[in-house]
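Here is how the chains run, residue by residue.
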Amino acid sequence: RLILAQITRISNVLRSLMDFARPQTPMRTATDLNHVLAKSVELARFDKRFKQLDVQLEFTPKLSLLFIDADQMQQVFLNLLLNARDAIDERNGEGNQVGKIKVVTYLREGEVVAEISDNGVGIAPENMNRVFDPFFSTKTGGKGTGLGLAVSSSIVAAHGGRISIVPQNQGTTITIAFPEAI
């Protein structure tokens with residue numbers, strides 16, 4: 001099991017490195033962002049640590065369809081959800097508070113917006129300017145490659161969107177916004 005776990009970890013690192021080095025051309029179709037987010041949460045729930053979290057979904061119905069690559073966006077959202085889980089895991093050593101992740105969609109001034117918020121450890125102010133840098137990670141013990149947010153940022157940008165991170169009093173909120181017309 002140890003060998004298999006390490007092979008899986010190495011495969012994931014190599015896949016992330018290849019995705020970063022050679023981003024694939026998006027295969028865009030008219031897509032409901034709510035559906036992509038719901039599928040991402042469903043996939044994340046296969047992780048036993050994710051099952052222990054209080055995950056709240058607040059989707060605005062009938063969002064404008066986006067012309068995006070659903071698979072690439074699912075990769076982005078799954079990465080963000082698992083990062084939130086890791087931040088909550090790190091915080092759990094500091095108390096018994098229930099881990100919460102909130103996934104919200106809404107329209108804002110001609111944009112379709114998705115937000116993922118958690119009540120994890122948050123991001124230290126000195127790291128805010130580096131979170132999208134390739135190979136930057138605050139995870140210890142080989143748990144992170146430092147490519148997840150860099151790859152996610154490049155995928156979102158390739159789709160005409162933007163990603164931003166706002167540290168909260170407790171936790172983090174990541175916002176991804178796309179123009180309605182894409």
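Each chain has its residues counted from 1, following the order in which its sequence is written. Note on the predicted model: pLDDT of at least 70 is required for a residue's local features to be given, and 80 or more for side-chain atom pairs to be given and counted; whole-chain, interface and lining totals, by contrast, use all residues. Processing note: side-chain calculations cover all non-hydrogen atoms of the structure and skip hydrogens and water entirely.

S.K.: Outline the overall build of the protein chain, listing residues and values.
M.R.: The way it works is that DSSP assigns letters per residue, a run of H or I at least four long becomes a helix, a run of E at least two long becomes a strand, and they are numbered from the N terminus. Summing up its helical and strand segments, the protein chain has five helices and seven strands in all. Only heavy atoms matter for contacts: two residues are in contact if any of them lie within 4.5 Å across the pair. Of the contacts formed within the protein chain by residues at least 6 apart in sequence, a portion of 71% connects residues at least 24 apart. Here the open area of atoms and residues is found with the Shrake-Rupley method and a 1.4 Å probe, where only the protein chains shown may cover a residue. Surface accessibility of the protein chain: about 10,400 Å² in total, with carbon and sulfur atoms responsible for 54%.

S.K.: Before we move on, could you go through the pattern of salt bridges and cite the residues and values that matter?
M.R.: Salt bridge, as applied in this entry: a Lys or Arg side-chain nitrogen positioned within 4 Å of an Asp or Glu carboxyl oxygen. Scanning the model with the defined rule gives eight salt bridges in all. Here Asp47 makes a salt bridge to Arg85, at a shortest N to O gap of 2.7 Å. Of this pair, Asp47 sits in the loop between helix 2 (33–44) and helix 3 (48–51) while Arg85 sits in helix 4 (residues 70–91), and the two are 38 residues apart along the sequence. Only protein chains enter the accessibility calculation, which uses a 1.4 Å probe; a residue whose area is less than 20% of its type maximum is buried, one above 50% is exposed, and one in between is partly exposed. Taking relative accessible area as the criterion, Arg85 reaches 7% and is therefore assigned buried. The partner of Asp86 in a salt bridge is Arg85, and the shortest N-O contact between them spans 2.6 Å. Here Asp86 matches Arg85 in class, with each residue buried. Each of Asp47, Arg49, Arg85, Asp86 and Asp89 takes part in one network of salt bridges that share partners.

S.K.: Go over the pairing of strand 4 (residues 100–108) with me, naming the residues and quoting the values.
M.R.: Alignment of strand 2 (residues 54–58) against strand 4, held across five bridges, turns out to be parallel. Bridging from a neighbouring strand, Glu58 pairs with Val104 of strand 4. Two strands pair if DSSP finds at least two bridges between them. Connecting strand 4 to the next strand, strand 5 (residues 111–118), in antiparallel fashion are two residues, including Glu109 with a positive phi near 45°.

S.K.: Provide a residue-level description of the nonpolar core, including the pertinent values.
M.R.: To define a nonpolar core, start from buried Ala, Val, Leu, Ile, Met, Phe, Trp, Tyr and Cys residues and group those joined through side-chain atoms within 4.5 Å. One finds Leu33, Met73, Phe77, Leu80 and Ile101 to be the most contacted residues of the largest nonpolar core, which totals 33 residues. Residue assignment for this core shows that the elements contributing at least two residues are helix 2, strand 3 (66–68), helix 4, strand 4, strand 5, helix 5 (148–158), strand 6 (162–167) and strand 7 (172–179). By residue number, the principal contributor to this core is helix 4, which donates seven residues. If we ignore the near neighbours within four places in the chain, the residues touching Leu80 are Ile116, Leu149, Ile163, Ile174 and Ile176.

S.K.: Quick one: what's the story with helix 5, residue by residue and with numbers?
M.R.: Buried within helix 5 are the following residues: Leu149, Ala150, Val151, Ser152, Ile155 and Val156. Of the residues flanking the end of helix 5, it is Gly160, one or two places downstream, whose phi is positive at about 80°.

S.K.: Help me get a handle on the sheet that holds strand 5, residues and values and all.
M.R.: Strand order across the open sheet formed by five strands is 2-4-5-7-6, with mixed pairing between neighbours. The open sheet is flanked by strand 2 and strand 6, the only strands paired with a single partner. Across the sheet, the axes of successive neighbouring strands diverge by a mean angle of 15°, strand direction being ignored. Direction of pairing for strand 5 relative to strand 7: antiparallel, over a ladder of eight bridges. Bridge assignment links Val112 to a residue of strand 7, and that residue is Phe178. Where helix 2 meets the sheet, its contacts fall on strand 2, strand 4, strand 5 and strand 7, and the angle it forms with strand 4 comes to roughly 170°. As a rule, the C-alpha atoms of each element are fitted with a line to give its axis, helices using only the stretch in contact, and angles between N-to-C directions run from 0 to 180 degrees. Running at roughly 135° to strand 6, helix 5 makes contact with strand 6 and strand 7 of the sheet.

Don't take any of this as a statement about function, it's just geometry.
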